[in-house]
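What follows is the residue order along each chain.
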Amino acid sequence: MIIKKYTEIENRSNKLVVLSGFISAVVVILVLLPELELQYESTKTVFAQVQNNNSDTLASNSSQALNSTQVGFVSNIEQIRGHLNAAVMNKEAGNTTLAKAHTLHPIAEIYSSIEPQISNANITLNETLATNLNQLSEIVNVSSIEEFNAQSQRINGLLNQTLQQVIPIGTADNSTFRLGVVADLLSIAGVEYGEAVENGTVKEIVEYQDGQAFVSRAQDVFSQISPTLPSDLNAEVQEANTFFSDLDGAIQNKSSPEVVDRSIGAIIHEISELTGVSEDNLGGQTEGIDSGEIISEIRSLLNQTIQAYQQQNYPEAEALATTAYIDNFEFIEAPLAEKDEALMVNTEGMLREQLRQLIQNQVPAEQLQQHIEKINGNLDRAEQLLGVMS
(Lines give C-alpha, C1' and ligand atoms only; values in the text may rest on other atoms or scores of the structure.)
Protein backbone atom coordinates (compact mmCIF):
# COMPACT_ATOMS: atom_id res chain seq x y z
CA MET A 1 0.00 0.00 0.00
CA ILE A 2 1.13 3.51 -0.61
CA ILE A 3 -0.22 5.11 2.58
CA LYS A 4 2.81 6.14 4.65
CA LYS A 5 4.26 9.31 6.05
CA TYR A 6 6.02 11.66 3.73
CA THR A 7 7.48 14.86 5.11
CA GLU A 8 9.51 17.32 3.14
CA ILE A 9 8.30 20.79 4.06
CA GLU A 10 10.93 23.30 5.11
CA ASN A 11 11.55 24.57 8.66
CA ARG A 12 10.33 27.91 9.76
CA SER A 13 10.65 29.57 13.15
CA ASN A 14 8.19 31.03 15.64
CA LYS A 15 8.93 34.20 17.55
CA LEU A 16 7.59 35.13 20.95
CA VAL A 17 7.03 38.76 21.68
CA VAL A 18 7.17 40.31 25.12
CA LEU A 19 5.23 43.34 26.12
CA SER A 20 6.97 45.46 28.76
CA GLY A 21 7.08 48.68 30.56
CA PHE A 22 4.95 51.63 31.56
CA ILE A 23 6.65 55.00 30.87
CA SER A 24 3.94 56.98 32.61
CA ALA A 25 0.45 56.64 33.95
CA VAL A 26 -0.92 57.80 30.60
CA VAL A 27 1.47 56.55 27.89
CA VAL A 28 2.24 52.90 27.41
CA ILE A 29 5.11 51.87 25.20
CA LEU A 30 4.93 48.43 23.71
CA VAL A 31 8.41 47.06 23.30
CA LEU A 32 8.72 44.10 20.99
CA LEU A 33 11.61 41.92 22.04
CA PRO A 34 12.60 38.89 19.97
CA GLU A 35 13.36 36.45 22.78
CA LEU A 36 13.52 32.95 21.59
CA GLU A 37 13.67 31.15 18.29
CA LEU A 38 12.21 27.70 18.38
CA GLN A 39 13.90 25.22 16.06
CA TYR A 40 11.92 22.16 15.13
CA GLU A 41 13.43 19.03 13.60
CA SER A 42 14.06 19.22 9.86
CA THR A 43 10.99 17.24 8.85
CA LYS A 44 8.54 19.62 10.48
CA THR A 45 7.04 22.92 9.41
CA VAL A 46 6.64 25.55 12.07
CA PHE A 47 3.30 27.31 12.11
CA ALA A 48 2.67 30.67 13.73
CA GLN A 49 0.31 30.40 16.66
CA VAL A 50 -2.26 33.10 17.28
CA GLN A 51 -3.42 32.43 20.82
CA ASN A 52 -4.29 34.47 23.86
CA ASN A 53 -3.29 33.77 27.43
CA ASN A 54 -6.41 31.68 27.97
CA SER A 55 -5.54 29.23 25.15
CA ASP A 56 -8.64 30.11 23.20
CA THR A 57 -9.74 27.96 20.27
CA LEU A 58 -8.68 28.93 16.77
CA ALA A 59 -11.94 30.79 16.21
CA SER A 60 -10.01 34.05 16.53
CA ASN A 61 -7.98 32.99 13.49
CA SER A 62 -11.10 32.32 11.48
CA SER A 63 -12.92 35.60 11.93
CA GLN A 64 -12.47 36.09 8.22
CA ALA A 65 -13.51 33.47 5.67
CA LEU A 66 -10.79 31.24 4.27
CA ASN A 67 -9.47 32.40 0.92
CA SER A 68 -10.62 29.54 -1.32
CA THR A 69 -8.16 30.49 -4.07
CA GLN A 70 -5.19 30.34 -1.70
CA VAL A 71 -6.45 27.15 -0.05
CA GLY A 72 -6.89 25.59 -3.49
CA PHE A 73 -3.41 26.66 -4.54
CA VAL A 74 -1.70 25.08 -1.52
CA SER A 75 -3.90 21.98 -1.86
CA ASN A 76 -2.75 21.63 -5.48
CA ILE A 77 0.88 21.88 -4.37
CA GLU A 78 0.25 19.12 -1.83
CA GLN A 79 -1.45 17.02 -4.50
CA ILE A 80 1.67 17.32 -6.65
CA ARG A 81 3.70 16.12 -3.66
CA GLY A 82 1.30 13.19 -3.37
CA HIS A 83 1.82 12.29 -7.02
CA LEU A 84 5.60 12.51 -6.56
CA ASN A 85 5.43 10.18 -3.57
CA ALA A 86 3.29 7.72 -5.49
CA ALA A 87 5.64 7.89 -8.48
CA VAL A 88 8.67 7.15 -6.31
CA MET A 89 6.90 4.25 -4.59
CA ASN A 90 5.98 2.71 -7.94
CA LYS A 91 9.47 3.27 -9.32
CA GLU A 92 10.94 1.51 -6.30
CA ALA A 93 8.46 -1.34 -6.83
CA GLY A 94 9.57 -1.66 -10.46
CA ASN A 95 6.24 -0.51 -11.90
CA THR A 96 7.38 2.18 -14.31
CA THR A 97 3.96 2.31 -15.98
CA LEU A 98 2.29 3.56 -12.82
CA ALA A 99 5.30 5.72 -11.98
CA LYS A 100 4.95 7.37 -15.38
CA ALA A 101 1.23 7.96 -14.84
CA HIS A 102 1.89 9.75 -11.55
CA THR A 103 4.54 11.96 -13.11
CA LEU A 104 2.12 12.96 -15.87
CA HIS A 105 -0.86 13.79 -13.65
CA PRO A 106 0.68 16.95 -12.14
CA ILE A 107 1.43 18.18 -15.67
CA ALA A 108 -1.89 17.24 -17.25
CA GLU A 109 -4.34 17.78 -14.41
CA ILE A 110 -2.90 20.21 -11.87
CA TYR A 111 -0.27 22.55 -13.25
CA SER A 112 -2.62 24.65 -15.34
CA SER A 113 -4.48 25.49 -12.12
CA ILE A 114 -1.42 26.97 -10.41
CA GLU A 115 0.68 28.25 -13.31
CA PRO A 116 -0.94 31.73 -13.53
CA GLN A 117 -0.24 32.48 -9.87
CA ILE A 118 3.32 31.16 -10.00
CA SER A 119 4.09 33.05 -13.19
CA ASN A 120 2.63 36.21 -11.76
CA ALA A 121 4.88 35.89 -8.68
CA ASN A 122 8.07 34.66 -10.38
CA ILE A 123 8.11 33.78 -14.07
CA THR A 124 11.57 32.16 -13.83
CA LEU A 125 10.46 29.87 -11.00
CA ASN A 126 7.39 28.92 -13.03
CA GLU A 127 9.54 27.91 -15.99
CA THR A 128 12.00 26.02 -13.79
CA LEU A 129 9.28 24.07 -11.99
CA ALA A 130 7.50 23.16 -15.23
CA THR A 131 10.79 22.03 -16.79
CA ASN A 132 11.67 19.84 -13.82
CA LEU A 133 8.23 18.21 -13.77
CA ASN A 134 8.61 17.35 -17.44
CA GLN A 135 12.13 16.03 -16.86
CA LEU A 136 10.88 13.70 -14.13
CA SER A 137 8.38 12.21 -16.56
CA GLU A 138 11.05 11.81 -19.22
CA ILE A 139 13.49 9.86 -17.01
CA VAL A 140 11.05 7.31 -15.56
CA ASN A 141 12.24 4.48 -17.80
CA VAL A 142 15.92 5.38 -18.05
CA SER A 143 16.92 6.53 -14.57
CA SER A 144 18.08 4.63 -11.52
CA ILE A 145 15.91 4.72 -8.41
CA GLU A 146 18.44 7.08 -6.83
CA GLU A 147 18.39 9.46 -9.81
CA PHE A 148 14.59 9.41 -9.94
CA ASN A 149 14.30 10.10 -6.23
CA ALA A 150 16.84 12.95 -6.46
CA GLN A 151 14.79 14.61 -9.22
CA SER A 152 11.64 14.20 -7.13
CA GLN A 153 13.36 15.86 -4.17
CA ARG A 154 14.53 18.67 -6.42
CA ILE A 155 10.93 19.32 -7.43
CA ASN A 156 9.85 19.31 -3.78
CA GLY A 157 12.41 22.02 -3.12
CA LEU A 158 10.95 24.07 -5.96
CA LEU A 159 7.46 23.53 -4.53
CA ASN A 160 8.68 24.93 -1.21
CA GLN A 161 10.00 28.01 -3.02
CA THR A 162 6.69 28.30 -4.87
CA LEU A 163 4.70 28.43 -1.63
CA GLN A 164 7.03 31.10 -0.26
CA GLN A 165 6.62 33.19 -3.41
CA VAL A 166 2.84 32.94 -3.78
CA ILE A 167 1.36 32.57 -0.28
CA PRO A 168 1.99 35.34 2.30
CA ILE A 169 3.89 34.03 5.31
CA GLY A 170 1.15 35.12 7.70
CA THR A 171 -1.33 33.01 5.76
CA ALA A 172 0.97 30.03 5.22
CA ASP A 173 1.75 29.81 8.93
CA ASN A 174 -1.86 30.21 10.07
CA SER A 175 -3.17 27.01 11.62
CA THR A 176 -6.74 27.62 10.51
CA PHE A 177 -5.59 28.10 6.92
CA ARG A 178 -3.50 24.92 7.01
CA LEU A 179 -6.40 22.94 8.43
CA GLY A 180 -8.51 24.28 5.57
CA VAL A 181 -5.92 22.80 3.20
CA VAL A 182 -6.26 19.44 5.00
CA ALA A 183 -10.03 19.56 4.46
CA ASP A 184 -9.58 20.38 0.77
CA LEU A 185 -7.09 17.53 0.27
CA LEU A 186 -9.48 15.09 1.91
CA SER A 187 -12.33 16.25 -0.32
CA ILE A 188 -10.26 15.69 -3.45
CA ALA A 189 -9.11 12.31 -2.12
CA GLY A 190 -12.74 11.30 -1.68
CA VAL A 191 -13.52 12.20 -5.28
CA GLU A 192 -10.54 10.20 -6.57
CA TYR A 193 -11.45 7.20 -4.43
CA GLY A 194 -15.06 7.33 -5.59
CA GLU A 195 -13.87 7.06 -9.20
CA ALA A 196 -11.52 4.18 -8.38
CA VAL A 197 -13.44 1.64 -6.29
CA GLU A 198 -16.67 -0.19 -6.98
CA ASN A 199 -18.08 -3.20 -5.13
CA GLY A 200 -14.83 -3.77 -3.24
CA THR A 201 -12.76 -3.82 -6.43
CA VAL A 202 -10.27 -1.29 -7.74
CA LYS A 203 -11.33 -0.40 -11.27
CA GLU A 204 -8.95 2.58 -11.70
CA ILE A 205 -5.60 1.90 -10.03
CA VAL A 206 -4.09 5.36 -10.67
CA GLU A 207 -7.08 7.11 -9.09
CA TYR A 208 -6.98 4.65 -6.19
CA GLN A 209 -3.34 5.50 -5.56
CA ASP A 210 -4.19 9.20 -5.94
CA GLY A 211 -6.74 8.87 -3.16
CA GLN A 212 -4.19 7.12 -0.94
CA ALA A 213 -1.48 9.68 -1.65
CA PHE A 214 -3.73 12.69 -1.02
CA VAL A 215 -4.96 11.25 2.28
CA SER A 216 -1.34 10.65 3.25
CA ARG A 217 -0.46 14.27 2.48
CA ALA A 218 -3.50 15.49 4.44
CA GLN A 219 -2.45 13.35 7.40
CA ASP A 220 1.11 14.66 7.22
CA VAL A 221 -0.02 18.28 7.21
CA PHE A 222 -2.39 17.59 10.11
CA SER A 223 0.40 15.95 12.11
CA GLN A 224 2.56 19.03 11.58
CA ILE A 225 -0.18 21.37 12.79
CA SER A 226 -1.54 19.42 15.76
CA PRO A 227 1.43 19.98 18.14
CA THR A 228 1.00 23.74 17.74
CA LEU A 229 -2.65 23.76 18.81
CA PRO A 230 -3.76 24.73 22.33
CA SER A 231 -3.81 21.83 24.79
CA ASP A 232 -7.52 22.28 25.46
CA LEU A 233 -8.13 21.05 21.90
CA ASN A 234 -6.38 17.71 22.49
CA ALA A 235 -9.67 15.80 22.53
CA GLU A 236 -10.59 17.04 19.06
CA VAL A 237 -7.08 16.29 17.78
CA GLN A 238 -7.25 12.75 19.15
CA GLU A 239 -10.66 12.24 17.59
CA ALA A 240 -9.36 13.41 14.22
CA ASN A 241 -6.38 11.04 14.48
CA THR A 242 -8.77 8.17 15.23
CA PHE A 243 -10.83 9.03 12.16
CA PHE A 244 -7.65 9.22 10.05
CA SER A 245 -6.86 5.68 11.20
CA ASP A 246 -10.37 4.58 10.25
CA LEU A 247 -9.95 6.25 6.86
CA ASP A 248 -6.64 4.50 6.20
CA GLY A 249 -8.24 1.16 7.04
CA ALA A 250 -11.26 1.79 4.84
CA ILE A 251 -9.07 2.63 1.86
CA GLN A 252 -6.80 -0.37 2.39
CA ASN A 253 -9.84 -2.63 2.66
CA LYS A 254 -11.32 -1.11 -0.50
CA SER A 255 -14.50 -0.22 1.37
CA SER A 256 -17.35 1.47 -0.45
CA PRO A 257 -16.92 5.15 -1.33
CA GLU A 258 -19.77 5.90 1.10
CA VAL A 259 -17.74 4.48 4.00
CA VAL A 260 -14.69 6.49 2.96
CA ASP A 261 -16.78 9.64 2.62
CA ARG A 262 -18.14 9.18 6.14
CA SER A 263 -14.61 9.00 7.56
CA ILE A 264 -13.62 12.08 5.59
CA GLY A 265 -16.72 13.91 6.80
CA ALA A 266 -15.91 12.97 10.40
CA ILE A 267 -12.40 14.41 10.11
CA ILE A 268 -13.69 17.61 8.56
CA HIS A 269 -16.23 17.88 11.37
CA GLU A 270 -13.37 17.76 13.89
CA ILE A 271 -11.45 20.37 11.88
CA SER A 272 -14.54 22.56 12.06
CA GLU A 273 -14.54 22.10 15.83
CA LEU A 274 -10.84 23.01 15.97
CA THR A 275 -11.08 26.12 13.82
CA GLY A 276 -14.55 27.50 14.37
CA VAL A 277 -15.00 27.50 10.57
CA SER A 278 -18.19 25.86 9.36
CA GLU A 279 -17.86 22.55 7.54
CA ASP A 280 -19.38 24.16 4.44
CA ASN A 281 -16.60 26.75 4.33
CA LEU A 282 -13.65 24.44 4.91
CA GLY A 283 -11.45 24.06 1.86
CA GLY A 284 -13.19 22.37 -1.04
CA GLN A 285 -15.39 20.22 1.16
CA THR A 286 -18.83 19.89 -0.36
CA GLU A 287 -20.43 17.51 2.14
CA GLY A 288 -23.77 19.00 2.96
CA ILE A 289 -23.58 21.65 0.24
CA ASP A 290 -26.25 21.26 -2.40
CA SER A 291 -25.80 21.69 -6.14
CA GLY A 292 -27.47 25.09 -6.00
CA GLU A 293 -24.80 26.49 -3.71
CA ILE A 294 -22.04 25.10 -5.93
CA ILE A 295 -23.58 26.58 -9.07
CA SER A 296 -24.04 29.91 -7.28
CA GLU A 297 -20.33 29.88 -6.37
CA ILE A 298 -19.39 29.12 -9.99
CA ARG A 299 -21.43 32.11 -11.16
CA SER A 300 -19.76 34.34 -8.56
CA LEU A 301 -16.30 33.21 -9.65
CA LEU A 302 -17.17 33.81 -13.31
CA ASN A 303 -18.29 37.35 -12.44
CA GLN A 304 -14.99 37.91 -10.64
CA THR A 305 -13.18 36.46 -13.67
CA ILE A 306 -14.63 39.01 -16.08
CA GLN A 307 -13.95 41.84 -13.62
CA ALA A 308 -10.30 40.85 -13.28
CA TYR A 309 -10.06 40.45 -17.06
CA GLN A 310 -11.48 43.91 -17.69
CA GLN A 311 -8.79 45.27 -15.36
CA GLN A 312 -6.21 43.40 -17.49
CA ASN A 313 -5.24 41.22 -14.52
CA TYR A 314 -5.02 38.14 -16.72
CA PRO A 315 -3.26 35.80 -14.24
CA GLU A 316 -5.95 36.49 -11.62
CA ALA A 317 -8.71 36.00 -14.18
CA GLU A 318 -7.27 32.63 -15.18
CA ALA A 319 -6.85 31.56 -11.55
CA LEU A 320 -10.48 32.43 -10.80
CA ALA A 321 -11.68 30.57 -13.89
CA THR A 322 -9.66 27.54 -12.86
CA THR A 323 -11.12 27.62 -9.36
CA ALA A 324 -14.63 27.70 -10.82
CA TYR A 325 -13.90 24.38 -12.50
CA ILE A 326 -11.50 22.52 -10.20
CA ASP A 327 -12.98 23.45 -6.82
CA ASN A 328 -16.62 23.63 -7.86
CA PHE A 329 -17.90 22.21 -11.16
CA GLU A 330 -16.03 18.93 -10.64
CA PHE A 331 -18.27 18.24 -7.65
CA ILE A 332 -21.47 18.34 -9.68
CA GLU A 333 -20.14 16.52 -12.74
CA ALA A 334 -21.35 13.09 -11.61
CA PRO A 335 -24.95 14.02 -10.70
CA LEU A 336 -25.25 16.21 -13.80
CA ALA A 337 -23.93 13.42 -16.05
CA GLU A 338 -26.68 11.14 -14.72
CA LYS A 339 -29.26 13.66 -15.95
CA ASP A 340 -27.62 14.87 -19.17
CA GLU A 341 -24.12 13.64 -19.96
CA ALA A 342 -23.82 15.76 -23.11
CA LEU A 343 -24.57 18.93 -21.12
CA MET A 344 -22.00 17.96 -18.50
CA VAL A 345 -19.28 17.30 -21.09
CA ASN A 346 -20.07 20.50 -22.98
CA THR A 347 -20.01 22.66 -19.85
CA GLU A 348 -16.85 20.98 -18.59
CA GLY A 349 -15.06 21.80 -21.84
CA MET A 350 -16.26 25.40 -21.77
CA LEU A 351 -15.01 25.88 -18.21
CA ARG A 352 -11.86 23.75 -18.15
CA GLU A 353 -10.40 24.43 -21.59
CA GLN A 354 -12.14 27.08 -23.67
CA LEU A 355 -12.44 29.75 -20.97
CA ARG A 356 -8.78 29.48 -20.00
CA GLN A 357 -7.74 29.55 -23.66
CA LEU A 358 -9.70 32.73 -24.30
CA ILE A 359 -8.03 34.38 -21.31
CA GLN A 360 -4.58 33.25 -22.41
CA ASN A 361 -5.24 34.59 -25.90
CA GLN A 362 -6.36 37.92 -24.38
CA VAL A 363 -9.42 38.14 -26.60
CA PRO A 364 -11.64 41.24 -26.42
CA ALA A 365 -13.54 41.46 -23.14
CA GLU A 366 -16.85 41.30 -25.01
CA GLN A 367 -15.90 37.91 -26.46
CA LEU A 368 -15.02 36.57 -23.03
CA GLN A 369 -18.30 37.92 -21.63
CA GLN A 370 -20.25 36.14 -24.37
CA HIS A 371 -18.53 32.86 -23.55
CA ILE A 372 -19.33 33.26 -19.85
CA GLU A 373 -22.96 33.99 -20.72
CA LYS A 374 -23.08 30.69 -22.62
CA ILE A 375 -21.68 28.91 -19.57
CA ASN A 376 -24.33 30.56 -17.42
CA GLY A 377 -26.96 29.34 -19.85
CA ASN A 378 -25.70 25.79 -19.37
CA LEU A 379 -25.77 26.33 -15.61
CA ASP A 380 -29.40 27.43 -15.89
CA ARG A 381 -30.20 24.10 -17.53
CA ALA A 382 -28.13 22.23 -14.93
CA GLU A 383 -30.11 23.87 -12.12
CA GLN A 384 -33.36 22.66 -13.70
CA LEU A 385 -32.08 19.11 -14.11
CA LEU A 386 -30.67 18.95 -10.59
CA GLY A 387 -33.83 20.31 -9.03
CA VAL A 388 -32.29 23.54 -7.76
CA MET A 389 -34.90 25.96 -6.44
CA SER A 390 -34.47 29.46 -7.84
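Here is a short report on the structure shown in this document. (Residues numbered from 1 in each chain as written. Predicted model: local features only at pLDDT ≥ 70, side-chain atom pairs only at ≥ 80, totals over all residues. Heavy atoms only, no water.)

Brief notes about the overall build of the protein
Moving on, step 1. When its secondary structure is counted, the protein shows 13 helices and four strands.
Moving on, step 2. The long-range share in the protein, meaning contacts at least 24 apart out of those at least 6 apart in sequence, stands at 73%.
Moving on, step 3. Summed over its atoms, the accessible surface of the protein is roughly 18,000 Å², and 46% of this surface lies on carbon and sulfur atoms. (Helix = DSSP H or I, 4+ residues; strand = E, 2+ residues; numbered from the N terminus. Contact = heavy atoms within 4.5 Å. Areas by Shrake-Rupley, 256 points an atom, 1.4 Å probe, with all protein chains shown as cover.)

Examining the packing of helix α1 (residues 68-92) against helix α6 (residues 175-196)
Moving on, step 1. Two elements in contact, α1 and α6, have axes whose closest approach is 9 Å; the angle formed by their N-to-C orientations is 60°. Considering the angle they form, α1 stands oblique to α6. Crossing of α1 over α6 shows right-handed handedness. For the pair α1 and α6, the contacting residues are Q70, V71, V74, S75, E78 and Q79 in the first and F177, R178, G180, V181, D184, L185 and I188 in the second.
Moving on, step 2. Per-class residue counts for the contact of α1 with α6 are six nonpolar, four polar and three charged. (Axes fitted to C-alpha atoms, helices over the stretch in contact; angles between N-to-C directions. Parallel < 35°, antiparallel > 145°, perpendicular 65-115°, else oblique. Left-handed = near helix turned anticlockwise from the far one by under 90°. Nonpolar A, V, L, I, M, F, W, Y, C, P; charged D, E, K, R; others polar.)

Some remarks on helix α12 (residues 333-360)
Moving on, step 1. Counted at 1.5 Å a residue, the expected span for α12 with its 28 residues is 40 Å, but the 25 Å between its end C-alpha atoms falls short.
Moving on, step 2. The largest bend in α12 is about 135°, located at D340.
Moving on, step 3. Of the residues one or two after α12, Q362 is the one with positive phi, at around 50°. (Expected span 1.5 Å × (residues − 1). Bend = angle between axes of the 7 residues up to and from the residue.)

Quick word on the side chain of S152
Moving on, step 1. Relative to the elements of secondary structure, S152 occurs in helix α4 (residues 145-166).
Moving on, step 2. Those residues in contact with S152, other than ones at most four positions away along the chain, are L84, V88 and L136.

Looking at the packing of α12 against helix α13 (residues 365-385)
Moving on, step 1. The contact between α12 and α13 brings their axes to 10 Å, and the two run at 160°. Taken together, the axes of α12 and α13 lie roughly antiparallel to each other. Viewed along their axes, α12 and α13 form a crossing whose handedness is left-handed. Packed against α12, whose contacting residues are L336, K339, D340, L343, N346, T347, M350, L351, Q354, L355, L358 and I359, the element α13 presents Q367, L368, H371, I372, K374, I375, N378, R381, A382 and L385 at the interface.
Moving on, step 2. Of the residues that constitute the contact of α12 with α13, the class distribution is 12 nonpolar, six polar and four charged.

Quick notes on the packing of aromatic side chains
Moving on, step 1. Applying the stated criterion across every chain, the model contains four aromatic pairs.
Moving on, step 2. Note on Y193 and Y208: the rings are 6.1 Å apart at their centroids and 45° apart in plane angle, and the pair reads as tilted. On the criterion of sequence distance, the pair formed by Y193 in helix α6 and Y208 in helix α7 (residues 205-225) is long-range, its members being 15 residues apart. Of the two residues examined, Y193 and Y208, each falls in the buried class.
Moving on, step 3. The residue whose ring lies beneath K91 is F148, and the NZ or CZ to ring-centre distance is 5.8 Å. (Phe/Tyr/Trp six-rings, centres within 6.5 Å; stacked < 30°, edge-to-face > 60°. Buried < 20%, exposed > 50% of the residue type's maximum accessible area, 1.4 Å probe, protein only. Lys NZ or Arg CZ within 6 Å of the ring centre and 35° of its normal.)

A short note on the nonpolar core
Side chains that are nonpolar tend, in soluble globular proteins, to be buried together.
Moving on, step 1. Judged by nonpolar contacts, the single largest core of 97 residues is most densely connected at F73, V182, L186, L355 and L368.
Moving on, step 2. Ranked by the residues each element gives to this core, the list is headed by α6, at 11 residues.
Moving on, step 3. For F73, the contacting residues outside a window of four places in its chain are I114, Q117, I118, T162, L163, V166 and I167. (Core = buried A, V, L, I, M, F, W, Y, C linked by side-chain atoms within 4.5 Å.)

Concerning α4
For an α-helix the count is 3.6 residues per turn, leaving residues at separations of three or four pointing the same way.
Moving on, step 1. For α4, with 22 residues, the first-to-last C-alpha span of 31 Å sits near the 32 Å given by 1.5 Å per residue.
Moving on, step 2. Among all positions of α4, only F148, Q151, S152, I155, N156, L158, L159, N160, T162, L163 and V166 are buried.
Moving on, step 3. Tucked into the core, α4 has its buried residues touching α1, α2 (96-121) and α3 (123-138).

Describing the pattern of salt bridges
Moving on, step 1. Enumeration according to the criterion identifies 10 salt bridges in this entry.
Moving on, step 2. A salt bridge links R217 to D220, with the nearest nitrogen and oxygen atoms 3.0 Å apart. With a gap of three residues between them, R217 and D220 both fall in helix α7, about one helical turn apart.
Moving on, step 3. A relative accessible area of 0% places R217 in the buried class.
Moving on, step 4. A salt bridge links D380 to R299, with the shortest nitrogen-to-oxygen separation between them at 2.7 Å. (Salt bridge = Lys/Arg side-chain N within 4 Å of Asp/Glu carboxyl O.)

As for the environment of T305
Moving on, step 1. Within the element layout of this structure, T305 appears in helix α10 (residues 291-310).
Moving on, step 2. Taking the C-alpha atoms as reference points, T305 and L368, 63 residues apart in sequence, are found 9.5 Å from one another.
Moving on, step 3. Setting aside residues up to four positions removed in sequence, T305 forms contacts with A317, L320, A321 and I359.

Brief notes about the side chain of N376
Moving on, step 1. The residue N376 is located in helix α13 in this model.
Moving on, step 2. Of note is the side chain of N376, whose polar atom sits 3.1 Å from the side chain of R299.
Moving on, step 3. For N376, the contacting residues outside a window of four places in its chain are R299 and L302. (Polar contact = N/O pair within 3.5 Å; in protein donor to acceptor, adjacent residues only side chain to side chain.)

Purely geometric numbers; function is a separate question.
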